[in-house]
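What follows is the residue order along each chain.
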Amino acid sequence: LGMSKSQGCFGYPLSIFFIVANEFCERFSYYGMRGILILYFTNFFSWDDNMSTAIYHTFVALCYLTPILGALIADSWLGKFKTIVSLSIVYTIGQAVISVSSINDLTDHNHDGTPDSLPVHVALSMIGLALIALGTGGIKPCVSAFGGDQFEEGQEKRRNRFFSMFYLAINAGSLLSTIITPMLRVQQCGIHSKQACYPLAFGVPAALMAVSLIVFILGSGMYKKFQPQGNIMGKVARCIHFAIKNRFRHRSKAFPKREHWLDWAKEKYDERLISQIKMVMRVMFLYIPLPMFWALFDQQGSRWTLQAATMSGKIGALEIQPDQMQTVNAILIVIMVPIFDAVLYPLIAKCGLNFTSLKKMTVGMFLASLAFVVAAIVQVEIDKTLPVFPNGNEIQIKVLNIGNTTMNISLPGEMVTLDSLSQTNAYMTFDVNKLTSINISSPGSPVTAVTDDFKQGQRHTLLVWAPNHYRVVNVEKGKGGTVVFCFRFVNTFNELITVTMSGKIYANVSSNNASNYQFFPSGVKGFTISSTEIPPQCQPNFNTFYLEFGSAYTYLVRRKNGSCPDVQSFEDISANTVNMALQIPQYFLLTCGEVVFSVTGLEFSYSQAPSNMKSVLQAGWLLTVAIGNIIVLIVAGAGQFSKQWAEYILFAALLLVVCIIFAIMARFYTYINPAEIEAQFDEDEKKKSLENSNPYIMSGANSQTEM
């Protein structure tokens, strides 16, 4: 140990670099996994947006509730070092489990590209997420404090610089991972059928978590490790509990009122502890409105990512994935923090304005509220371009003529004439109850009535190829929008055909029938058609044109000149047109809000808390994040808005109201200097000990302190 103190680098303890590297890997692991989580829910599990958002925010809330547990374990039982090591092991296992949960071939026994028992995957991923929440939350309060422990007295300046490096490591980790993991996700991988590569996208964060653990353990010999200090949170809770109990016991008029309700704990606890808890309680009271900010802030990973999924990712030559938009926040943080510190705050001070911590936080809330107004405006633009699916008791029908003759189709209220190999431009919407007969005919042949029980709330394609030959194909609600486009084939051959398209198989599509849609990442795709009917000299390989986000197509496979196969494409859903770049203003506003709110809030809490209560306040701060995510659950669950923009406006309005309440609370807050109060106690104690050792000191001083 004597040696380790002399081991240093640029005047910093060498152990610090292990801690910063560990934090970088851990944050990379966490944000990488969390970034793709919402799309994993919607694409892999096929959950709807509301269900996915609910599970996502439940997970984030858990991640911010478990720090209290981590702090308790570290303070009263294992100490920081052992807590970090043991919970990191739990964390690594959790990351590995969620990676395994996303392996398609785990339950895909018939190799058709879809898992045969989804519940297995869901159960595994939920176990993984629970372990991750315990791990990441549990080590959160320990790592930064453990880093702070490595400095000697008198190294305050270096310690502050360490916290800056630490914050930079967090942002560098999150920035890199939100760029890299979506790239891994869109790769195609799989044993029997090629799928979006979630196992790799979750696997890399898992590997980095293992690296983070190893790096941390490697530095073990150099760390200064302190024994657990005893559970300060428990002490605070017991003191508050005693004060309340005591107050209720002495309710009658016979007992004089005390200045503060905590003063009722004086019978059992010393004044210093009581005054420290008072300082903490005053800050905690200000925390009450804060969760509303986090409710908006954490929707970047859920609602805003789902919003990006309905947009076009082409920016110049680049194609951005929806889950990569979250990097805008990380990039802007790295740019904005120095700008605010070095340029903006000094400018405001020069103008003679007293821009206090609480005023900054109020501005931060206001900016986040504005960001959601902007998000709502963008949503209105997107809604104009999205396909309209049938509601409740409506159905939608599109007619596709795959025969060689012109066909007439009479639908309620309109007559459609379709040439060979053509389709109606759009889906036509009908009320199920008012849907009278649909008839098909061609010149010189009898009329055939279409009998089919159309399923309400669904889209249908009516395939017609001869006067009395038709087939109604149900269209699953195309997940046009979520990062992919979808594709199906219609077979006009007499025999079965099988189509293989970039690793996915459309097996045995029967004659005059349509396959199901399958989903692909954007780009140009090659496909191969195989059938016993195709002569050997024919070319069975084809390429699609460039396919964009959110579009859906039907490819008609037919004979060219009576023998070789040929394909003709029909657009079912047009590609997303609103560009993702339109999300940048809302990210900019939210990030500016984060800089003035989050960074300031932490500094404020630190400056207003006594030294031994920092961990209690840290836990309180993280608790506001957890409650914020629970608010999203309640609002998104209870709201059930038919329009997404209305939900954004509701959140913006709620935060604006809270912002005004907070501004009023802040007006009545008086700033204190905990160090001065502590020093006062030290002085009083010195006096007391002097008096005790020398009872002949003039009693005047004594009587004054009693007053």
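All of these numbers come straight from a predicted model, not from anything done at the bench.

Peer 1: So what's going on with the overall build of the protein? Residues and values would help.
Peer 2: Of regular secondary structure, the protein possesses 17 helices and 24 strands. A principal-axis box enclosing the C-alpha atoms of the protein has dimensions of 130 × 60 × 50 Å. Looking at the protein as a whole, 51% of its 707 residues qualify as buried. A sequence separation of at least 24 residues applies to 73% of the contacts in the protein between residues at least 6 apart. Side-chain charges of the protein comprise 53 positive and 48 negative groups, with the mean position of each set lying 7 Å from the other.

Peer 1: With reference to specific residues and values, describe the sheet that holds strand E22 (residues 541-543).
Peer 2: Read from one edge to the other, the open sheet built from four strands follows the order E18-E17-E21-E22, with strand pairing classed as antiparallel. A single partner strand is all that each edge strand has here, and the edge strands are strand E18 (504-509) and E22. Taking the axes of each pair of neighbouring strands and ignoring which way they run, one obtains an average angle of 20° across the sheet.

Peer 1: So what's going on with the nonpolar core? Which residues, and what values?
Peer 2: The biggest cluster of nonpolar side chains holds 130 residues, and the ones touching the most others in it are Leu37, Phe59 and Met365. Residue contributions to this core peak at 13 residues, all from helix H3 (residues 49-101). The residue makeup of this core includes at least three contributed by each of domain 1 (13-230) and domain 2 (270-313 + 352-384 + 578-685). Setting aside chain neighbours within four positions, we find Phe59 in contact with Tyr30, Met33, Leu37, Leu129, Ile132 and Ala133. If you look at the next biggest cluster of nonpolar residues, it comprises 19 residues, including Phe493, Phe542, Leu547 and Val567.

Peer 1: I'd love a proper account of a nonpolar patch on the surface, names of residues and values included.
Peer 2: A cluster of nonpolar residues, Phe366, Leu370, Val373, Ile377, Val380, Trp645, Ile649, Leu656, Ile660, Ile664 and Phe668, forms a patch on the protein surface that exposes about 980 Å² of accessible area. Mapped onto the nonpolar patch, the elements with two or more residues apiece are helix H12 (357-385) and helix H15 (644-667). With respect to the helices and strands, Phe366 occurs in helix H12.

Peer 1: How would you explain a positive patch on the surface if you had to name every residue and give the values?
Peer 2: Taken together, the side chains of Lys235, Arg238, Lys245, Arg249 and Lys268 present a region of like positive charge at the surface. Its place among the elements puts Arg238 in helix H7 (residues 232-249).

Peer 1: Lay out the domain arrangement of the protein in plain terms, naming residues and giving numbers.
Peer 2: Under the domain assignment used here, the protein contains domain 1 (13-230), domain 2 (270-313 + 352-384 + 578-685) and domain 3 (394-573). In this structure, domain 1 and domain 3 have C-alpha centres spaced 45 Å apart. Taken over both partners, the interface formed by domain 1 and domain 3 buries close to 730 Å², and the fraction arising from carbon and sulfur atoms is 51%. Counting every contact that joins domain 1 to domain 3 gives zero salt bridges. Of the residues belonging to the side of domain 1 that touches domain 3, the class tally is two nonpolar, six polar and two charged.

Peer 1: With reference to specific residues and values, describe the sheet that holds strand E12 (residues 438-441).
Peer 2: Strand order in this open sheet of four strands is E9-E8-E12-E13, and the pairing throughout is antiparallel. At either margin of the open sheet sits one strand with a lone partner, and together these are strand E9 (414-418) and strand E13 (448-450). Across the sheet, the mean angle from the axis of one strand to that of its neighbour is 25°, orientation sign disregarded. Note: strand E8 (residues 407-411) against E9, five bridges, orientation antiparallel. Following the sheet pairing, Leu411 is matched in E9 by Glu414.

Peer 1: Before we move on, can you summarise unusual backbone geometry with the specific residues and values?
Peer 2: We note that Ser46 has phi near 55°; this positive angle belongs to a residue other than glycine. Relative to the assigned elements, Ser46 resides in the loop between helix H2 (15-44) and H3. On the basis of relative accessibility, which here comes to 48%, the residue Ser46 falls in the partly exposed class. The backbone of Asn512 sits at a positive phi, close to 50°, despite the residue not being glycine. Within the secondary structure, Asn512 sits in the loop between E18 and strand E19 (513-514). A relative accessible area of 13% places Asn512 in the buried class.

Calculation rules
- Residues numbered from 1 in each chain as written.
- Predicted model: local features only at pLDDT ≥ 70, side-chain atom pairs only at ≥ 80, totals over all residues.
- Heavy atoms only, no water.
- Helix = DSSP H or I, 4+ residues; strand = E, 2+ residues; numbered from the N terminus.
- Buried < 20%, exposed > 50% of the residue type's maximum accessible area, 1.4 Å probe, protein only.
- Contact = heavy atoms within 4.5 Å.
- Lys, Arg positive; Asp, Glu negative; His and termini not counted.
- Charge placed at Lys NZ, Arg CZ, Asp CG, Glu CD.
- Pairing = 2+ DSSP bridges.
- Axes fitted to C-alpha atoms, helices over the stretch in contact; angles between N-to-C directions.
- Core = buried A, V, L, I, M, F, W, Y, C linked by side-chain atoms within 4.5 Å.
- Domains from an automatic or database assignment.
- Patch = residues over 30% accessible without salt bridge, like charges linked within 9 Å, V, L, I, M, F, W, Y side chains within 5 Å.
- Areas by Shrake-Rupley, 256 points an atom, 1.4 Å probe, with all protein chains shown as cover.
- Salt bridge = Lys/Arg side-chain N within 4 Å of Asp/Glu carboxyl O.
- Buried area = accessible area lost by both parts, 1.4 Å probe.
- Nonpolar A, V, L, I, M, F, W, Y, C, P; charged D, E, K, R; others polar.

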